[in-house]
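Coordinate inspection notes
The lines below spell out each chain.
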Amino acid sequence: MGFARTGASSAIIAPVLEIGTVLGDTYRLERLLGEGGMGAVYEAAHLRLERRFAVKVLVPEVASHEVALQRFEREARITSSLGHPHIVEVIDFNRSPEGHPYLVMERLEGESLAERLARRVRLELPEVSSILRQASSALQAAHERGIIHRDLKPDNIYLCRRGALDDYVKLLDFGISKVLGAKSVVTGMLVGSPSYMSPEQADEHEAIDEGTDIYSLATVAFEMLTGQVPFSAQTIPALLYKITHELPPSLRELRPELSAELDEVIQIALRKPRAERFASMAELWAALSAVLEQEGVAYVERTEIRHTAWPELAAAEAPEEATVPRREPVTIPLPALALPEETSAAHGETATIQLPA
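Structure report, in brief. (Residues numbered from 1 in each chain as written. Predicted model: local features only at pLDDT ≥ 70, side-chain atom pairs only at ≥ 80, totals over all residues. Heavy atoms only, no water.)

On to the pairing of strand β4 (residues 52–58), then. The buried fraction of β4 amounts to 6 of the 7 residues, a majority that puts the element mostly inside the structure. Alignment of strand β3 (residues 39–46) against β4, held across 7 bridges, turns out to be antiparallel. The residue bridging Glu43 from the neighbouring strand is Ala54, located in β4. Connecting β3 to the antiparallel partner β4 that follows it, the hairpin turn spans 5 residues. Bridge count between β4 and strand β6 (residues 101–106): 5 bridges; the pairing is antiparallel. When the bridges of β6 are listed, Val55 appears paired with Val104. (Buried < 20%, exposed > 50% of the residue type's maximum accessible area, 1.4 Å probe, protein only. Helix = DSSP H or I, 4+ residues; strand = E, 2+ residues; numbered from the N terminus. Pairing = 2+ DSSP bridges.)

Here it is in structure tokens:
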């Protein structure tokens, strides 16, 4: 499998560009990787370098739609500006001589998280830990730049083969991202994928911030651990009602062997009011990693992808100079949860969590 899928479509559109087409005197289209309602993704060879890329091309019907074109251009601009190892790299953005907008991106080898879940249904803790670790790092970097993904789902989490790893994460599709402080180009529309949508996304009058991605990542974590999303329904209105009004099921209802502490962290991230979730991706990961380490989950990324790690991991390589204490516990607020009395904390209380060494 090559680059991530472009999305499902009920109608197959004629190829946007012919195989063999050369774009920008540089990229020769050699193979169709995927096709959907928005356009097509090709494998392309660089004419002067021994390197291959993925080229996403909009279909004419979509390219003529102002909002869709703005989304496509936004994906190019935002993704290229982030420059994070766990966000897909955009190399170029241009138009073909016929006027087709296209993106040139790094060629990825692997599969989407959606494909892995379709094959295996659910994943075990070490793999879940690795995927969440990398995805949260990328999202924290985006949030620090004032960018919210808003469409985080298994289809947009690509798992690459890198050396001994088969789960090196690349986040895809920042096309509907929101830049904090800027007016969205999409108004009067439901933005995001309903099953992974936060309660505030269902109401366009609600403010969107980092909490939206925190909720969506927790939904993805729930699915990786249990094989199902927290909420499902026959219709979108019914699904959105559940997301905004009903409590999610407990992880332990579906997998009793999982710890109450892990369940509690996921429940916090899935709280309806934004203010009751974790304040940031960094805070969410601090809580998750503490629980996972208590359960004996090893950190593969420390040796394999140290250059992408959170700053404190790099500091841990030189303890004498580290500015972040590695074994000191941190205290974070825990919102109230509908959990058994012995495992929950009242709103406003705090819990001490030991960060990983």
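Turning to the environment of Val16, a few remarks are in order. Mapped onto the fold, Val16 is located in the segment before β1 (22–23). Taking the C-alpha atoms as reference, Val16 lies 7.4 Å from Leu58; in sequence the two are 42 residues apart. Other than its neighbours up to four places away in sequence, Val16 contacts Ala40, Tyr42, Val57, Leu58, Val59 and His100. (Contact = heavy atoms within 4.5 Å.)

Look at helix α9 (residues 281–294): 20 Å from first C-alpha to last across 14 residues, which is about the 20 Å you get at 1.5 Å a residue. Burial runs high along α9: 11 of the 14 residues are buried. Along α9, the residues classified as buried are Met281, Glu283, Leu284, Trp285, Ala286, Ala287, Leu288, Ser289, Ala290, Val291 and Leu292. Within two residues after α9, Gly296 carries a phi angle of roughly 80 degrees, on the positive side. (Expected span 1.5 Å × (residues − 1).)

What follows concerns the packing of aromatic side chains. Scanning the model with the defined rule gives 1 aromatic pair in all. Both rings, one in Tyr27 and one in Phe53, keep their centres 5.5 Å apart while their planes meet at 85 degrees; by these two values the pair is edge-to-face. Of the two residues, Tyr27 sits in strand β2 (residues 27–35) while Phe53 sits in strand β4, which places them 26 residues apart along the sequence. Phe53 matches Tyr27 in its accessibility class, with the two residues each being buried. (Phe/Tyr/Trp six-rings, centres within 6.5 Å; stacked < 30°, edge-to-face > 60°.)

A word on the sheet that holds strand β5 (residues 90–95). The 6 strands lie next to each other as β1-β2-β3-β4-β6-β5, forming an open sheet whose pairing is antiparallel. In this open sheet, the two strands that pair with only one neighbour each are β1 and β5. Where β1 meets β2, 2 bridges bridge the pair, whose relative direction is antiparallel. Across the sheet, the residue bridging to Val22 is Arg28, located in β2.

Bringing the nonpolar core into the picture now. Residues Leu113, Ile157, Leu171, Met224 and Leu284 are the most contacted members of the largest nonpolar core, which totals 54 residues. It is helix α5 (residues 210–226) that provides the largest number of residues to this core, a total of 9 residues. The residues contacting Ile157, other than those within four sequence positions of it, are Ser112, Leu113, Ile131, Leu152, Val169, Lys170, Leu171 and Val220. Counting residues in each nonpolar core, the second largest holds 14 residues, with Val16, Tyr42, Phe53 and Val59 among its members. (Core = buried A, V, L, I, M, F, W, Y, C linked by side-chain atoms within 4.5 Å.)

Where α5 meets helix α8 (residues 260–269), the closest approach of the two axes is 8 Å, and the angle between their N-to-C directions is 140 degrees. Judged by the sense of rotation from one axis to the other, the crossing of α5 with α8 is left-handed. Residues Ile214, Tyr215, Ala218, Ala221, Phe222 and Leu225 of α5 form the contact with α8, whose participating residues are Leu262, Ile266 and Ala269. Split by residue class, the contact of α5 with α8 holds 9 nonpolar, no polar and no charged. (Axes fitted to C-alpha atoms, helices over the stretch in contact; angles between N-to-C directions. Left-handed = near helix turned anticlockwise from the far one by under 90°. Nonpolar A, V, L, I, M, F, W, Y, C, P; charged D, E, K, R; others polar.)

In most cases, non-glycine residues show a negative phi, while peptide bonds are predominantly trans. You will see that Val121, though not glycine, has its phi angle at about 75 degrees, which is positive. Residue position: Val121 is located in the loop between α3 (113–120) and α4 (125–144). Residue class for Val121 comes out partly exposed when judged on its relative accessible area of 47%. Backbone geometry places Arg150, a non-glycine residue, at a positive phi of 75 degrees. Among the secondary structure elements, Arg150 is positioned in the loop between β8 (147–148) and β9 (157–162).

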